[in-house]
Amino acid sequence: MMLSSYRTLGLALGVGASLGFASSPASAAWEPTRPVEIVVPAGTGGGADQMARTIQGIITKHNLMKQPLVVVNKAGGAGGEGFLDVKGSAGNPHKLVITLSNLFTTPLGTGIPFSHKDLTPVAMMALDEFILWVNADSPYKSVKDYIEAVKAKPGEFKMGGTGSKQEDQIITVAIEKASNTKFTYIPYRGGGEVAVQLVGKHVDSTVNNPIEAVAQWRGGAVRPLCVFDAKPLPYKDVVADGKSWGDIPTCKSQGLDVEYVMLRGFFTSPKATKEQVDYYVDVFKKVRETPEWQSLMKDGAFNQTMMVGPEYSAWVDNEQKRHQALMKDAGFLAAPQ
């Protein structure tokens, strides 16, 4: 089962003085005039929250903006609270939202009056991966071991994930269909909480993003079985158990034919101007050049693809169509679409 898919200011200064005009400095381009808010439409500790707070720290440390950046979590309604907040802030470019797959799944699964087209696209910062994790104390050392155990006790194994009818549950349903198994899916508010539940043995497995479970892997509390990508991850430095991210086999190579990667990107409020979008794109490009960003990418095993402008918009439009098909196939649509 295949689930992956895949920026002039004109200046006329030469005759300005003779015509009595004051010359305008090149620095007159738009920039924020008050604090900028990053809305995280998910709980604390998850991948989107960690990326937003890392970017906040980078911008502060390297003085990339004159105004402060404030991170605000608005996870209510599967992230709908955050998206509706930004949608309702038309003409306010001092508001950003970091997106994940709930950009698509939340309106499709809940019917809330929101679409990605209500917002202004800024930039894709990366694509995030998903990994099948089990508790390190469990006897399961391979995908085959785990799936056979789940098959033997249909519905008894608990899969923990972020939210209902969102990416984690979409992947869970895909696993069930690809392997003829049945899980009991347990939703939580964010990936950080999901990781804690697996460590505490309240669930048997998760499909958390790498950044959401890397601390627990380093601590010897969880074990990765496979990555839901078409090819192994490119990171070769040892992370835990003498293994790197690149040592984790793809799920497909282990007989579990499921692939899925997720957007980590930014939008801003409706009616934002090109100058306002360009400002943020420039800031994000500077963020990506810092060692702190590179450390986040390595720790979280991210696909480092960046997109802006029409390319980004077209990618998002395609993902909308893909998720509509996935949600329909899983029976998760709020109403006929």
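Reading guide: rules and limits
- Residues numbered from 1 in each chain as written.
- Predicted model: local features only at pLDDT ≥ 70, side-chain atom pairs only at ≥ 80, totals over all residues.
- Heavy atoms only, no water.
- Buried < 20%, exposed > 50% of the residue type's maximum accessible area, 1.4 Å probe, protein only.
- Helix = DSSP H or I, 4+ residues; strand = E, 2+ residues; numbered from the N terminus.
- Axes fitted to C-alpha atoms, helices over the stretch in contact; angles between N-to-C directions.
- Parallel < 35°, antiparallel > 145°, perpendicular 65-115°, else oblique.
- Left-handed = near helix turned anticlockwise from the far one by under 90°.
- Contact = heavy atoms within 4.5 Å.
- Pairing = 2+ DSSP bridges.
- pLDDT = per-residue confidence, 0-100.
- Lys, Arg positive; Asp, Glu negative; His and termini not counted.
- Salt bridge = Lys/Arg side-chain N within 4 Å of Asp/Glu carboxyl O.
- Disulfide = S-S within 2.5 Å.

(A) Highlighting helix 7 (residues 210–218). By the burial criterion, the buried members of helix 7 are Pro210, Ile211, Glu212, Ala213, Val214 and Trp217. Of the residues flanking the end of helix 7, it is glycine 220, one or two places downstream, whose phi is positive at about 75°.

(B) Broad picture of the packing of helix 1 (residues 47–61) against helix 9 (residues 291–299). It is the contact of helix 1 with helix 9, at a shortest axis distance of 9 Å, that shows an interaxial angle of 165°. Looking at the two axes, helix 1 sits roughly antiparallel to helix 9. When the axes of helix 1 and helix 9 are compared, the crossing they make is right-handed. Between helix 1, through Met51, Thr54, Ile55, Ile58 and Lys61, and helix 9, the contact on the second element is made entirely by Glu292, Trp293, Leu296 and Met297.

(C) Expanded view of the pairing of strand 12 (residues 262–268). In terms of burial, strand 12 is a largely internal element, seven of the seven residues being buried. Of the two faces of strand 12, both are covered, the one formed by Met262, Arg264, Phe266 and Thr268 as well as the one formed by Leu263, Gly265 and Phe267. Pairing of strand 3 (residues 95–99) with strand 12 involves four bridges; the strand directions are antiparallel. Looking at strand 12, one finds that isoleucine 98 is bridged to phenylalanine 266. Of the pairings in the sheet, the one linking strand 4 (residues 120–128) to strand 12 comprises seven bridges and is antiparallel in character. What sits directly across from threonine 120, in strand 12, is threonine 268.

(D) Seen up close, the confidence of the model for the chain. Taken residue by residue, the chain gives an average pLDDT of 91. The fraction at 70 or more is 91%. Every residue in residues 4–27 is under pLDDT 50, and counting partners more than four places away or in other chains gives 21 contacts.

(E) Geometry of the side chain of arginine 288. Mapped onto the secondary structure, arginine 288 falls in helix 8 (residues 274–288). Buried and unpaired, arginine 288 has no salt bridge, with glutamate 289 as the nearest side chain of opposite charge at 8.2 Å. Sequence-distant contacts of arginine 288, defined by excluding residues within four places in its chain, comprise Met125, Trp293, Gln294, Gln304, Thr305 and Met306.

(F) The arrangement of the sheet that holds strand 1 (residues 36–40) in detail. In space, the six strands of this open sheet follow the order 2-1-3-12-4-13, with mixed pairing throughout. Of all strands in the sheet, those bounded by a partner on one side alone are strand 2 (69–73) and strand 13 (307–308).

(G) Spotlight on the state of the cysteines. Evaluation of the coordinates by the stated rule reveals one disulfide. A disulfide bridge connects cysteine 226 with cysteine 251, and the sulfur atoms are separated by 2.1 Å. Here the S-S torsion is close to 85°, and the disulfide linking cysteine 226 with cysteine 251 is therefore right-handed. Here cysteine 226, found in strand 9 (residues 222–227), pairs with cysteine 251, found in the loop between strand 11 (243–244) and strand 12; they are 25 residues apart in sequence, far enough to count as distant. Residue cysteine 226 shares its accessibility class with cysteine 251, and that shared class is buried.

(H) How the structure looks around the environment of glycine 300. Within the secondary structure, glycine 300 sits in the loop between helix 9 and strand 13. Here the alpha-carbon distance between glycine 300 and glycine 80, two residues 220 residues apart in the chain, equals 26 Å. Ignoring any residue separated from it by four or fewer positions in sequence, one finds glycine 300 in contact with Asp128, Pro210 and Ile211.

(I) Quick peek at the environment of alanine 195. If you trace the backbone, alanine 195 turns up in helix 6 (residues 191–199). Residue classification places alanine 195 among the buried residues on the basis of a relative accessible area of 4%. It is 9.7 Å that separates the C-alpha atoms of alanine 195 and alanine 221, two residues lying 26 residues apart in sequence. If we ignore the near neighbours within four places in the chain, the residues touching alanine 195 are Asn208, Glu212 and Gln216.

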